[in-house]
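Listed below are the residues making up each chain.
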Amino acid sequence: DQQVKQNSPSLSVQEGRISILNCDYTNSMFDYFLWYKKYPAEGPTFLISISSIKDKNEDGRFTVFLNKSAKHLSLHIVPSQPGDSAVYFCAASGSSISGGSNYKLTFGKGTLLTVNP
Amino acid sequence: DVKVTQSSRYLVKRTGEKVFLECVQDMDHENMFWYRQDPGLGLRLIYFSYDVKMKEKGDIPEGYSVSREKKERFSLILESASTNQTSMYLCASSFGDRGSGETQYFGPGTRLLVL
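Parameters and conventions
- Residues numbered from 1 in each chain as written.
- Chains lettered and ligands numbered in written order.
- Predicted model: local features only at pLDDT ≥ 70, side-chain atom pairs only at ≥ 80, totals over all residues.
- Heavy atoms only, no water.
- Helix = DSSP H or I, 4+ residues; strand = E, 2+ residues; numbered from the N terminus.
- Rg over C-alpha atoms; globule rule 2.2 N^0.38 Å.
- Buried < 20%, exposed > 50% of the residue type's maximum accessible area, 1.4 Å probe, protein only.
- Contact = heavy atoms within 4.5 Å.
- Areas by Shrake-Rupley, 256 points an atom, 1.4 Å probe, with all protein chains shown as cover.
- Lys, Arg positive; Asp, Glu negative; His and termini not counted.
- Charge placed at Lys NZ, Arg CZ, Asp CG, Glu CD.
- Buried area = accessible area lost by both parts, 1.4 Å probe.
- Salt bridge = Lys/Arg side-chain N within 4 Å of Asp/Glu carboxyl O.
- Polar contact = N/O pair within 3.5 Å; in protein donor to acceptor, adjacent residues only side chain to side chain.
- Nonpolar A, V, L, I, M, F, W, Y, C, P; charged D, E, K, R; others polar.
- Core = buried A, V, L, I, M, F, W, Y, C linked by side-chain atoms within 4.5 Å.
- Phe/Tyr/Trp six-rings, centres within 6.5 Å; stacked < 30°, edge-to-face > 60°.
- Pairing = 2+ DSSP bridges.
- Axes fitted to C-alpha atoms, helices over the stretch in contact; angles between N-to-C directions.

*Asks:* Please clarify how the overall build of chain A should be interpreted in this entry.
*Replies:* A tally of regular secondary structure across chain A gives zero helices and 11 strands. Listing every helix and strand of chain A by position from the N terminus yields β-β-β-β-β-β-β-β-β-β-β. In terms of overall size, chain A behaves like a compact globule, its C-alpha atoms giving a radius of gyration of 14 Å where 117 residues would be expected to give roughly 13 Å. Principal-axis analysis of the C-alpha atoms places the extent of chain A at approximately 50 × 30 × 20 Å. Expressed as a percentage of the 117 residues in chain A, the buried residues total 44%. Contacts spanning at least 24 positions in sequence make up 56% of the contacts within chain A whose residues lie at least 6 apart. Of the roughly 5600 Å² that chain A leaves accessible, carbon and sulfur atoms contribute 50%. If the 11 positive side-chain charges of chain A are averaged to one point and the 9 negative ones to another, these points end up 4 Å apart.

Given below as structure tokens:
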């Protein structure tokens, strides 16, 4: 049972345009969400995160939007650059039954973004 | 900057060999994790540790064991390597507090080929 879903395995955009990567989750206990970027043969790199008390977080060209009622988040990259071509993973965390951390992140399967020059 | 290092970038082993993958982090993080990444399957958690000498199974622990004798070091052991353990292995660490403390920082990965 996939609790974090990235329904698009791949996305192709032109350089300079907006890239929108989507992620859906099913677990209502998730309250912290992250995006990672991964190049081939390298480890994932943390990109940006958002807490469930916010609906938007921005860092330079990257903005994450959270819609809690729809259990949906998206990553916007504006403008897209060829160096952004990578696999993007969405991840989520939530509290344990006792309210503390359950330590783990639940990852989606990733979306391959290709930015064409 | 958080630094997570893994002992090897590429490794070739024979079926039946015992394989050790080492991971070291330099940020005094409480939690450490081992994942494997396979095409189309995303990142799958093998084991994690939230304290020295503590470990918990992840989603796919079969065929693996782990050791955490020191806070900064987390080892993944393949007791008897098999060809279906050919994969990219990723180590990560996190501080541990709720929210931003749950952000995991990854090492560069070890690409293991079992022949």
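*Asks:* Before we go on, may I ask you to explain the interface of chain B and chain A in this structure?
*Replies:* Think of interface size as the accessible area that goes away when the parts come together; that is how it is often given. Contacts between chain B and chain A engage 27 residues on the former and 23 residues on the latter. The junction of chain B with chain A conceals about 2000 Å² of combined surface from both sides, 60% of it contributed by carbon and sulfur atoms. Taken together, chain B and chain A are joined by zero salt bridges. Where chain B touches chain A, the interface holds six residue pairs in polar contact (both at pLDDT 80 or more). Listing elements by their share of the side of chain B that touches chain A, those giving two or more residues are strand S4 (31-38), strand S5 (42-51), strand S9 (87-94) and strand S10 (105-106) of chain B. For the side of chain B that touches chain A, the element with the highest residue contribution is S5 of chain B, accounting for five residues. Residues that form the side of chain B that touches chain A fall into these classes: 13 nonpolar, 10 polar and four charged.

*Asks:* Quick question: what am I supposed to make of the nonpolar core here?
*Replies:* In a soluble, globular protein the nonpolar side chains are often hidden away together inside. Residues Phe33, Trp35, Leu73, Leu75 and Tyr88 of chain A are the most contacted members of the largest nonpolar core, which totals 23 residues. Contributions of two or more residues to this core are made by strand S3 (19-25), strand S4 (30-38), strand S5 (45-51), strand S7 (62-67), strand S8 (72-77), strand S9 (86-94) and strand S11 (111-116) of chain A. It is S9 of chain A that provides the largest number of residues to this core, a total of four residues. The contact partners of Leu73 of chain A, leaving out residues within four places of it in the chain, are Leu21, Asn22, Cys23, Tyr25, Phe33, Trp35, Val64, Phe65, Leu66 and Cys90 of chain A. Ranked by size, the runner-up nonpolar core spans 20 residues in total, among them Leu11, Tyr64, Phe74 and Val114 of chain B.

*Asks:* For this particular structure, what's the right way to read unusual backbone geometry?
*Replies:* The phi angle of most residues is negative, glycine excepted, and most peptide bonds adopt the trans form. Of the consecutive residues Val78 of chain A and Pro79 of chain A, the connecting peptide bond is found in the cis state with omega at -15°. With respect to the helices, strands and loops of the structure, Pro79 of chain A is situated in the loop between S8 and S9. One non-glycine residue, Lys53 of chain B, adopts positive backbone phi at about 65°.

*Asks:* Explanation requested: the pattern of salt bridges in the structure shown.
*Replies:* A side chain of one charge can pair with a side chain of the opposite charge when the charged atoms of the two come close. All names here are of chain B. Going through the model one piece at a time under the given rule, you end up with 10 salt bridges over all chains. Ionic pairing is found between Glu22 and Arg73, a salt bridge with its closest N-O pair at 3.7 Å. Of this pair, Glu22 sits in strand S3 (residues 19-25) while Arg73 sits in strand S8 (residues 73-78), placing them 51 residues apart in sequence. Accessibility expressed as a relative area gives 23% for Glu22, which makes it partly exposed.

*Asks:* Explain the packing of aromatic side chains here, please?
*Replies:* Any aromatic ring pair is given by two values, namely how distant the centres are and how the planes are angled relative to each other. As enumerated under the stated definition, the model contains 12 aromatic pairs over all chains in all. Between Tyr25 of chain A and Phe33 of chain A, the aromatic rings sit 4.7 Å apart at their centres with planes inclined by 40°, giving tilted as the arrangement. Assessed through its relative accessible area of 7%, Tyr25 of chain A is described here as buried. For Phe33 of chain A, a relative accessible area of 1% puts it in the buried group. Plain terms: the ring middles of Phe107 of chain A and Phe106 of chain B are 6.1 Å apart, the flat faces sit at 75° to each other, and that makes the pair edge-to-face. With one member in each of two chains, Phe107 of chain A in strand S10 (residues 106-107) and Phe106 of chain B in strand S10 form a pair that bridges those chains.

*Asks:* Quick question: what am I supposed to make of the environment of Asp97 of chain B here?
*Replies:* Here Asp97 of chain B shows up in the loop between S9 and S10. Measuring from C-alpha to C-alpha, the distance between Asp97 of chain B and Glu30 of chain B comes to 9.2 Å, with 67 residues separating the pair along the chain.

*Asks:* Would you mind showing me how to read the sheet that holds strand S1 (residues 4-6) of chain B here?
*Replies:* Residue and element names in this part refer to chain B. Ordered in space as S1-S3-S8-S7, the four strands form an open sheet in which the pairing is antiparallel. A strand with exactly one partner marks an edge of an open sheet, and here the two such strands are S1 and strand S7 (64-70). Taking the axes of each pair of neighbouring strands and ignoring which way they run, one obtains an average angle of 20° across the sheet. Examined bridge by bridge, S1 and S3 share three bridges and lie antiparallel to one another. Bridge pairing in S3 links Thr5 to Val24.

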